[in-house]
Structures are given as structure tokens and as C-alpha cells.
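Secondary and tertiary structure notes
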Amino acid sequence: MKIAFAMESYLPRMGGTEIRVHELVNKLPDSWDIDIFTPRFDGLPVDEWEQKNVHIHRLGNFNSSSYFLSNSRPIIPSIKYGMELRKELSRTKDADAVIFSEWNLMHFRLAHGKSRSIEIADWCEVLSNNKAAGLPIHKRAGEAYLERYLSKKADVHLAVNKKIGNLLNTVHGVKNDN
């Protein structure tokens, strides 16, 4: 089995998704090949092996202090990472599944369909009307479009908890299997 993760960041950057994926990867069988695609921040190595079967591919070259400046990600770095990911997934078409970390959504939009693999969306939040109210209109429209696209195009949806699963169903009509 070969699994690829497409993430907005990975360890050593600490966050809920990074830790959750790291723990999941450590529980998968050693016989599985695992590729983790993530932006390259602050001069980290381009390629590294976390374990004998876990290959981390750091794409591009980004500054974490400007990329993670606020909850609102800058659009240009998101597009650059998405294009790098698209190129890598086109090259490595042999994964059985690609798991896309839902936030940031731009990398899924740009890389969708390039792997010929099952595409799994790992949802950590859903932009409900309450969360959208605080965003400028252009960001709200962009995020809503990207969420709708992801909700329709991913083959499988995973929600981090029941609340997110219910929001995913209510806001985007994604079937909630609990």
C-alpha cells in the first residue's frame, strides 16, 4: 500500500493536524510506503526520511513567519505550493490514496486529479456562516468556492469530529456516515 499526504505544513511545525498525521503515520504498517508533501519552510531539508518507510517532500521555499502571519493565508504562497504539489503528484502517480489536509484548500483545487489515486479530504473545519462573517467579502467568496469544490470533488471525506461532520453535511451536503 502506498499513501500520500498533501499538507499545508508538517513537523517540526506544531499544530493539531501536523501532530494527528504524525501519530497516524506512526501507526500504519511498516510495509506501507508513505509520502508526505508539504511546503518547505525556513530552509528545512527538501527531502528527508522520518522512518524507513516515511518520505517527507518539502516543496518550494517559504518563510513561515509571513506564511502563517494570521488565520488568513496569503494567496500567492498558497498558489505556489499548490502548483508544486500538482507537479509532484503528476510525477508520482502510483499512490493508492492521497489524503489532502483540508486547510488550506488551494492545494486541493490545483492538484485535484493529478495523482489518479483515491482523493481523501481530511476536514478540520468548515467555514460556517458564523466563521465567514468575520472575513472580507472577497475572502469569504473564495473560501466558500474552494470548500464547495472540495466537497464535490473529493472521493472520500473524513471529519476530525462529529461537529465538523455535521457542518460538512449541513453546509455542503456531504453525507454524514458518523
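About the thresholds
- Residues numbered from 1 in each chain as written.
- Predicted model: local features only at pLDDT ≥ 70, side-chain atom pairs only at ≥ 80, totals over all residues.
- Heavy atoms only, no water.
- Helix = DSSP H or I, 4+ residues; strand = E, 2+ residues; numbered from the N terminus.
- Polar contact = N/O pair within 3.5 Å; in protein donor to acceptor, adjacent residues only side chain to side chain.
- Contact = heavy atoms within 4.5 Å.
- Buried < 20%, exposed > 50% of the residue type's maximum accessible area, 1.4 Å probe, protein only.
- Pairing = 2+ DSSP bridges.

**Overview of the side chain of Arg58**
Mapped onto the elements of the fold, Arg58 is located in strand E4 (residues 54-62). One polar contact links the side chain of Arg58 to the main-chain carbonyl oxygen of Leu11, over a distance of 2.8 Å. When residues no more than four places from it in sequence are discounted, the contact partners of Arg58 are Tyr10, Leu11, Pro12, Thr38, Pro39, Arg40, Leu44, Pro45, Val46 and Glu48.

**Let's talk about the pairing of E4**
With respect to burial, E4 is a largely interior element, seven of its nine residues being buried. In this sheet, E4 lies alongside strand E2 (residues 33-41) in parallel orientation, the contact comprising seven bridges. In the strand pairing of E4, Phe41 is matched with Phe62. Hairpin connection, strand E3 (residues 47-51) to E4: the antiparallel pair is bridged by two residues.

**A look at unusual backbone geometry**
Cis geometry marks the peptide bond from Leu11 to Pro12; its omega dihedral reads 20°. Among the secondary structure elements, Pro12 is positioned in the loop between strand E1 (2-6) and helix H1 (16-27). The backbone phi angle of Asp42 is positive, close to 55°, even though this residue is not glycine. Within the secondary structure layout, Asp42 lies in the loop between E2 and E3.

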